[in-house]
Amino acid sequence: MQPSPRPPTSSAVSTAPVTFYPTRKETRSTCCYCGVGCGVIITSEGKQIVDVKGDPEHPANAGRLCSKGATLHLTTKLDARALYPERRLSRDLPRDRVDWDTALDHVVDRFADIIQTHGPDAVAFYISGQLLTEDYYVFNKLAKGLIGTNNVDTNSRLCMSSAVAGYKATLGADAPPACYEDIEQTNCLFIAGSNTAFAHPVLFRRIEDAKAKNPALKVVVVDPRRTDTAQFADLHLAILPGTDVALFNGLLHVMLWEGLLDMAYIRHHTEGFEALKETVREYTPKMVADICGIGEKDIIQAAKWFGAGPTLSLYCMGLNQSIHGTEKNAALINLHLATGQIGIPGAGPFSLTGQPNAMGGREVGGMANLLSGHRDLANAAHRAEVAQLWGIPEVPAQPGKTAVEMFEALKTGEIKAIWIACTNPAHSMPDLNPVLSALQHAELVVLQDAFNNTESNAYADVVLPATTWGEKEGTVTNSERRITRVRQAVPNPGETRHDWETVVDFAQRLERKLGKANLLFQYPDTESIFNEHRETTRERDLDISGLSYHILETQGPQQWPFKAGATQGQARLYGDGVFQTASGKAQFMRAVYKGTADKPDARHPFHLLTGRLRDQWHGMSRTGTLAQLYQHAEEPVVSMHADDMQRRQIKNGDIVNIRNKRGNLVIKVQQSNEVKPAELFIPMHWGSQHMQGLGVNALMPSAFDKNSKQPELKHTAVNVEKLQLPWQMTVMRKCNQPHLMADIRPMLAKFDYATLGLYGRGDGMLILRVAHKTAPDASLIATLDGLLGMVEGAPMLQLDDVKRGISKRILVEAAQVTGVRLIGETLAAEWLKQVMVEGAFTDAVRKWALAPLAAPPTGQKTRGKIVCNCLDVSENEIIDTCQMGADLATLQAKLKCGTSCGSCKPELLRLVNQYGKNHG
Ligand SMILES: Nc1nc2c(c(=O)[nH]1)N[C@H]1C(S)=C(S)[C@@H](COP(=O)(O)OP(=O)(O)OC[C@H]3O[C@@H](n4cnc5c(=O)[nH]c(N)nc54)[C@H](O)[C@@H]3O)O[C@H]1N2
Ligand SMILES: Nc1nc2c(c(=O)[nH]1)N[C@H]1C(S)=C(S)[C@@H](COP(=O)(O)OP(=O)(O)OC[C@H]3O[C@@H](n4cnc5c(=O)[nH]c(N)nc54)[C@H](O)[C@@H]3O)O[C@H]1N2
Ligand code: SF4
Ligand SMILES: [Mo]
C-alpha cells in the first residue's frame, strides 16, 4: 500500500488530536514496539489507518521512526487478528466462536470453581510489558486485590527484572537515573550487552549524531558478537559470553590503580566501598583478560575512558538475561558510583527497556514480588499501604510465582488455570518442551491476544480478542521515565475489546459470583484508572501526583517524578547524591564472577547466543504479516564462523542439527564474521509459526538468577551436526489469498527441514523452503499444490523429469509469474524470486521452465538481502557501489539508501569499511 498524500501541517495545539477534513483524521500516539517510546502521528480514514509518521514534537524521537515504526500502518490488515471470542469445552474439541457473555461467564465459573476448591493460588496471570499502564494496573489489582493471589507475573521477568534488582540493590529504588539527552552530553558511551543499532534504532540515530558533533566522544561496546553496534565503536570488547562481571570488576581495579575514582563522592554518598575493594583486588587486567578472552591493553583503555567521563552506560539483555544478571547490573552501577558519574549531565547507568511499557509495568508493581508504586510485596508496611489504597483488608503476603516457576507449577498441577495476556509464552519462554507440556495439561488456558498467528494460540481453551496499536487508549512510560498518551485512532475491529475493559468486566462478574460487594472495579474509562494509579505513587520515588491526562494532553509527554505542584518532570535523578536507601547512601554491591549456567564441553563445544533482528519483533505476530520486513533477514539461520565451518566441512546454506539435552533445531548455516570461532548466534524470533521445530527456545536453559528470577535466555552450549537432506523443494506464491500462510503452516512439521516466510513489497509473496531425507508422500505434495492453486488446469508451465528427480511448475496469471514450485535442485530459486518480485513473465523464464535443467540462465545476478528497506536497496548494489570507491555520503546520494528512516546506516557504514576503496 502506498502512503496517502499528506494534508498540510496544522498550527493547532500540538498535543491534541487534530482533524483536517471529515474523512481523514490525525491522532497522536506512540509506537507499539520498543522502549525508546517514539511518538507517532497516525493518519486514518474512517475505520482504516492509512499512514504513520514520527511525531516531530515528541522528545524521544523528534519526528524520527525506525524501519519497524515507519511501517506500522502497513501491519493493520485484519487477516491475522483475533476478532471474536472463542471457547472449547474440552481439549479434544475445536474452539467455537461464542459471544462475550458466554466466554467471560465460562472463565468466571471455572476460576470461581478452582479458587473455591483449591484456593486462590491455584490460578495465575501471565501478562506483558506491552500492556498499557492502565491495563496492567487492573490486572494486578484483580489478582492481588480481588482474587487474593500474588500469582501475577509478566514477560518482563524474561526482560527487565535483573535491571530492577540491580537498581534496587545499589540505588535503593527502581529508577533509571539518566535521560536521552545525556547521549548528547557525554564523552564516553559505554554500551554493554545491547545491540542498540537493531534494538533501539532511533536512539542509535542520536548516538550517530552525537558522535558526528563531538569526535572526542568515545564509544565502547561490550558484546561477544561483532554486531553493527560493535562495529561502530571506538573499542569493541568481544568478551566471552557471561563474563561481564569479571570485566567490570577489572575496570574498577584499573581505575583504582590509576587514581580515576572520585573518593569524595564515595565518602559522602556511598557505603560498602572497602568491602568491594577487597573483591576487586584480585581482578587484575591479566586475570580479567584471561577470563574474558580480550587484551589487557583494551581493558586499561576502556577504564581510562570510563574514568575520564562523563560516562553514560547503556545496557540491555546481554546483562539482564543471565543467571547472575543482578550482579552484572550492580557491577556496572558500582563503576558509576565509584567515579561519581551519576546525577550529572552526560553520565549515569541507563538501563534501556525493551518493551514499550516495561517501565509502566514496574510502576504499577505488576509482578509476583512487587506492589503498586514501586512497593515490595515482602514489606508488610507496603502491603498495608496498598490494602488501604484499594480499600481491602489485606494483600496476601505469600510471594507469587515468577515466570519460570509459574509454568513449572502449571506442569505439576499446583496451578490449574492460567490467564495469558499480550505475550506468547509458547514461543518466548526458555526450555519450551516442558512449558508446552504444562500448557497442554493445564485445566484452563485463557488467552487474551490481538492476533491469532501465535504459538500459544493452539493451547487456548478461551480466546479473548483484544484491540491493539491504533485502537487503544491509555499511557506508556519509555526508558527515560517519560509518560506518553496512547490514543485510539480507529474503532475496535470485529468484536475486540480493550484489555482493561475485559479485565474490569471479568472482575465485576467474579465479584458477583464470589458474593463480594461490587466496589473494587468501578472504572468508566482509562483516565479513572490512571488517577487511582497516580494516588499509589504519592510520596514514592516515582511520585506523579502532579500529573494528569489533562497535562499530558496540553503539555505533551512528561518524565517522572512529577510531584503535585510541579510544572514539569525531572530529567535526571540523584543530582543531590541522596538515594532511596535507609541511610540515604548508595550501596556498593560485591559482585563475583560466576560464568554461565551451561558451559561448553566436549559433547557441546559451541556457545549458542540469542538476540534480535533489526526488522522483526519477538514472535512476529505483527511484523511477520508484512513481506517487506522479511527482506533484511529472510529466513532462520544460525551464524557460524568460517573456521568452524571448514573444520566440520559445512558450506554456506547447509542444513545442520543443533542439539543439547533439552531439544534440537534443524536450521540453515550462514557464514558470519560477527561471531567468533566456537560461537553461534540464532535470532529469537523464529518459532514454529515460521519453521519446523520450536525455534531456539527449545534449547535455552530455564536456570535463573536467584535474586531477580530472570532466566538465562542469552546463552547455552550445543553441538552441531551436518544433515544430509537431499530432497529439496522451494515454493513461492504471490500473496493474493489472505489465509494461505495459515493454511500451509501445519505442513511444516511434516518435513525434516522447513521454513515459511514472506518476501517482497506490497502484498509480497510467500516462500516455503523444504528439505527432507527422501521424497515425501505424493499426497502431501498434492495437498500443497491444491492450497497453492497450482493444479492441473491452472495456467502454468510444468515439467517433470522423474529420472533426474526434477519437477518445475510456474504459474502465470495476467502475464505475471505468480507462483513457482521447484522440486529437485532448487538452484534457480533466487533468480525466480527476483523474477516474481519484478513480475513479468519473460522468454528467459519460459525457456528455463521447459528445459530439464536446474541452474538459472547464465548472467543472472541476484540482489542479496535488502539493506535499506525504505528505499529497497540491496546489499549487492551497495557492495558494487562501495567497490567503486563510494563513502557513506556517496552511497546515500547515488542509491538513496539510508536517507529515510536511517535504520540501515550502521550497516552501510560497515559495508563501506569492508568493501570501500581504501579498505580493500
Ligand atoms: N528489532 C527489534 N528491536 C527490539 C525488540 C525486537 O524484538 N526487535 N525487542 C525489544 C525488547 S523486549 C528488548 S528486551 C530489547 C533487547 O535489546 P538488546 O538487549 O539490545 O538485544 P539482544 O539482541 O537481545 O541482545 C543484545 C546483545 O547481547 C549480546 N550478548 C549475549 N550474551 C552476552 C553477554 O554475556 N554479555 C554481553 N555483554 N553481551 C551479551 C548479544 O550478542 C546481543 O548482541 O530490544 C527491544 N527492541
Ligand atoms: N531465546 C530468547 N528468548 C527470549 C528473549 C531472548 O533474547 N532470547 N527475549 C525475551 C524478552 S526480553 C522478551 S520481552 C520476550 C518477548 O516475548 P513475548 O512477550 O512472547 O513476545 P511478543 O511476540 O511481543 O508477544 C506479545 C503478544 O501480544 C500480542 N499483542 C499485541 N498487541 C496486543 C494488545 O494490545 N493486547 C493484547 N492482549 N495482546 C497484544 C501479540 O500478538 C503477541 O502475541 O521474549 C523473551 N524470550
Ligand atoms: S525506535 Fe523504532 S521500534 Fe523503537 S519506538 Fe522508535 S520507531 Fe518504534
Ligand atoms: Mo524484552
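Residue numbers restart at each chain and count upward from 1, following the sequence in its written direction. Just so you know, chain letters begin at A and ligand numbers begin at 1, following the order they were written in. Only residues with pLDDT of at least 70 get local features here, since the model is predicted, and only at 80 or more are side-chain atom pairs given and counted; chain-wide, interface and lining totals rely on the full set of residues. By convention in this description, side-chain values take in all heavy atoms of the structure and omit both hydrogens and water.

1. Describing the domain arrangement of the protein
Where interface size is given, it is often the accessible area lost as the parts come together that is meant.
Item 1. For the domain bounds, the source is a domain assignment made automatically or taken from a database. Splitting the protein by domain gives domain 1 (86–159 + 357–559), domain 2 (161–351), domain 3 (606–722), domain 4 (727–849) and domain 5 (866–915).
Item 2. On a C-alpha basis, the centres of domain 1 and domain 4 stand 43 Å from each other.

2. A closer look at the site of ligand 2
Item 1. When at least one non-hydrogen atom of a residue lies within 4 Å of a molecule or strand, that residue is treated as near it. Contacts to ligand 2 come from 33 residues, most closely from Asn-155, Ser-428, Asp-449, Ser-621 and Asn-697.
Item 2. Side-chain polar atom of Thr-423 to an oxygen atom of ligand 2: 2.8 Å apart, as the coordinates give it.
Item 3. In protein, a polar contact requires one atom able to donate a hydrogen and another able to accept it; more generally it is a pair of N or O atoms within 3.5 Å, and residues adjacent in sequence count only if both atoms are side-chain atoms. Interatomic distance of 2.7 Å between a side-chain N/O atom of Asp-449 and an oxygen atom of ligand 2.
Item 4. About the coverage of ligand 2: the protein hides 97% of its 910 Å² of free accessible area.
Item 5. Looking at the shell around ligand 2 residue by residue, the class counts come to 12 nonpolar, 16 polar and five charged. The protein chains shown are the only cover counted for residues, whose accessible areas, like all others here, come from Shrake-Rupley with a 1.4 Å probe. Just so you know the grouping, Ala, Val, Leu, Ile, Met, Phe, Trp, Tyr, Cys and Pro go in nonpolar, Asp, Glu, Lys and Arg go in charged, and all remaining residues, Gly too, go in polar.

3. Observations concerning the sheet that holds strand 7 (residues 123–127)
Item 1. Strand pairing is assigned whenever DSSP detects at least two bridges linking the two strands. Secondary structure is summarised from DSSP: a helix means a run of H or I of at least four residues, a strand means a run of E of at least two, and numbering begins at the N terminus for each. Spatial ordering of the open sheet is given by 6-5-19-18-17-7-8, a layout of seven strands whose pairing is mixed. Looking at strand neighbours, the two that pair on one side only are strand 6 (96–97) and strand 8 (152–154), the edges of this open sheet.
Item 2. In terms of strand pairing, strand 7 meets strand 17 (residues 417–421) through four bridges, oriented parallel. Bridged to Phe-125 within strand 17 is Trp-419.
Item 3. By definition, residues are in contact when any of their heavy atoms lie within 4.5 Å. Between N-to-C directions, angles span 0 to 180 degrees; the directions come from axes that are lines fitted to C-alpha atoms, helices contributing only their stretch in contact. The strands that helix 17 (residues 403–412) touches are strand 7, strand 8 and strand 17; relative to strand 7, the one it contacts most, it runs at about 140°.

4. Regarding the environment of Val-50
Item 1. For Val-50, the position within the fold is in strand 4 (residues 48–54).
Item 2. Separated by 583 residues in the primary sequence, Val-50 and Ala-633 place their C-alpha atoms 26 Å from one another.

5. Notes on the site of ligand 1
Item 1. By nearness alone, 31 residues border ligand 1, and Asp-223, Gly-242, Asp-244, Arg-612 and Gln-616 come closest of all.
Item 2. One of the side-chain N or O atoms of Lys-68 is found 3.1 Å from a nitrogen atom in ligand 1.
Item 3. At a separation of 3.2 Å, a nitrogen atom of ligand 1 approaches a polar backbone atom of Val-222.
Item 4. Out of a free accessible area of 900 Å², ligand 1 has 99% covered by protein chains.
Item 5. Counting residues per element, the ones that place at least two in the shell around ligand 1 are helix 5 (196–199) and helix 13 (317–320).
Item 6. When grouped by side-chain class, the residues that make up the shell around ligand 1 number 11 nonpolar, 12 polar and eight charged.
Item 7. In this structure, the shell around ligand 1 is formed jointly by two domains, domain 2 (161–351) and domain 3 (606–722), each of which donates at least three residues.

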